[in-house]
Amino acid sequence: MKEFKDIKKHYKPLQPTVKVESKKITYSEVQPSRDIEHFVYCFWQLKTQKSLKEPFVYRVVSDGCIDIFFNHNQPFENFVMGFCRKYTEFPIGKTFNYIGIRFLPSAFPLLFGINAKTLSNQSQELKHILPELSIWIASHIKPLQSFKKVTSLFTEKLTEFSKAQSFQFDHRFFNALNLIFEKNGFLDTEKELNTGLSPRQLRRIFNYYIGTTAKTFSNVVRFQYILNAKPSRQSLKENKLYFDVGFFDQAHFIKNFTTFYGVTPSEAFK
């Protein structure tokens, strides 16, 4: 699984939109076991510790991944969310407990044989995409189980499922993907992704495995590079990190960042 080892080495998809200092809402991530680390970036949980005064709106930033998630209090409510080319907001009420699985880019289509393009820019009920897995979640996940127990159950399920698959890797695609990661998304995808794929093949294969074009995915990788750098407002202004990934002026950077995050860099890094 060298292909996915390279992906995980170069890419860390962040979701930084819940402030950890909030005492009423907690967000946590658990890294997968070695058995499924080639496919899963993390398991995550978003839950309230106390009932909120106002309904909470959860903002998901663009990360290039596909997630399965469900309401732990009502596991039959389970969904899949595909690649998103901009931030997405979910109103989720005053009390909630959501658990999710964030798959590494291209892992979901490889595991389940689902065209990622059919999932893009939306969340759908999992029963319409993977009905057997949806039924398994509804029958095996119980509200009183701990987050640790839930991740253990999913690890067993995904390990069993992955071992039953016969994977066919297109190395031209993975070479293109790694070039994007190595350059932090800053490259001319029409000229620099010379991996043996024609422009038409490149578009088709990225749509299938990622859910969008190589160019749009590169823009998300570039955005995630900024997030991973964790700049302060001051350092962003002084060091102009955005120049390193091809933004030629501040206005262009702010517009691009806001599309993926939902707020300006100044608001995000305050």
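Relevant structure appears above.
Description of the structure in this document. Because the structure is predicted, anything quoted here is derived from the model rather than measured. (Residues numbered from 1 in each chain as written. Predicted model: local features only at pLDDT ≥ 70, side-chain atom pairs only at ≥ 80, totals over all residues. Heavy atoms only, no water.)

Let's talk about unusual backbone geometry
Even without being a glycine, S106 presents a positive backbone phi close to 80 degrees. Looking at where S106 falls in the secondary structure, it is placed in the loop between β7 (97-103) and α2 (107-112). A relative accessible area of 2% means that S106 is categorised as buried. The phi angle at N121 is positive, at roughly 60 degrees, despite the residue not being glycine. Relative to the elements of secondary structure, N121 occurs in the loop between α2 and β8 (123-125). (Helix = DSSP H or I, 4+ residues; strand = E, 2+ residues; numbered from the N terminus. Buried < 20%, exposed > 50% of the residue type's maximum accessible area, 1.4 Å probe, protein only.)

What about the environment of V61?
Inspection of the secondary structure puts V61 in the loop between β3 (56-60) and β4 (66-71). Between the alpha carbons of V61 and T258 there is a distance of 9.7 Å; along the sequence they are 197 residues apart.

So, helix α9 (residues 250-261)
Over its twelve residues, α9 extends 16 Å from the first C-alpha to the last, a length consistent with the 16 Å expected when each residue adds 1.5 Å. Along α9, the residues that are buried comprise F253, N256, F257, F260 and Y261. For α9, the angular spread of buried residues about the axis comes to 120 degrees, placing them on one side. Facing away from the buried side of α9 by over 90 degrees, the exposed positions are A251 and K255. Capping the start of α9 is the job of one residue whose side-chain oxygen sits 3.2 Å from the backbone nitrogen of A251: D249. A positive backbone phi angle near 100 degrees is found at G262, which sits one or two residues after α9. (Expected span 1.5 Å × (residues − 1). Arc of directions from axis to C-beta. Polar contact = N/O pair within 3.5 Å; in protein donor to acceptor, adjacent residues only side chain to side chain.)

Observations regarding the nonpolar core
Among the nonpolar cores identified, the biggest contains 88 residues, and F103, F108 and F206 are the most heavily contacted of them. When residues in this core are grouped by element, the largest group, seven residues, is from helix α7 (residues 214-229). Each residue touching F206, except ones within four places of it in the same chain, is listed here: F173, A176, L177, I180, G211, T212, T213, A214 and F217. (Core = buried A, V, L, I, M, F, W, Y, C linked by side-chain atoms within 4.5 Å. Contact = heavy atoms within 4.5 Å.)

Structural notes on the environment of P265
Topologically, P265 is positioned in helix α10 (residues 265-268). Judged by relative accessible area, which is 4%, P265 ranks as buried. Separated by twelve residues in sequence, P265 and F253 have C-alpha atoms that sit 8.9 Å apart.

A look at the environment of S28
By the secondary structure assignment, S28 is in strand β1 (residues 25-30). For S28, a relative accessible area of 29% translates into the label partly exposed. As a C-alpha pair, S28 and A214 span 186 residues in sequence and 30 Å in three-dimensional space. Other than its neighbours up to four places away in sequence, S28 contacts F43, W44, Q45 and F147.

Function cannot be read off these values alone, since they describe shape.
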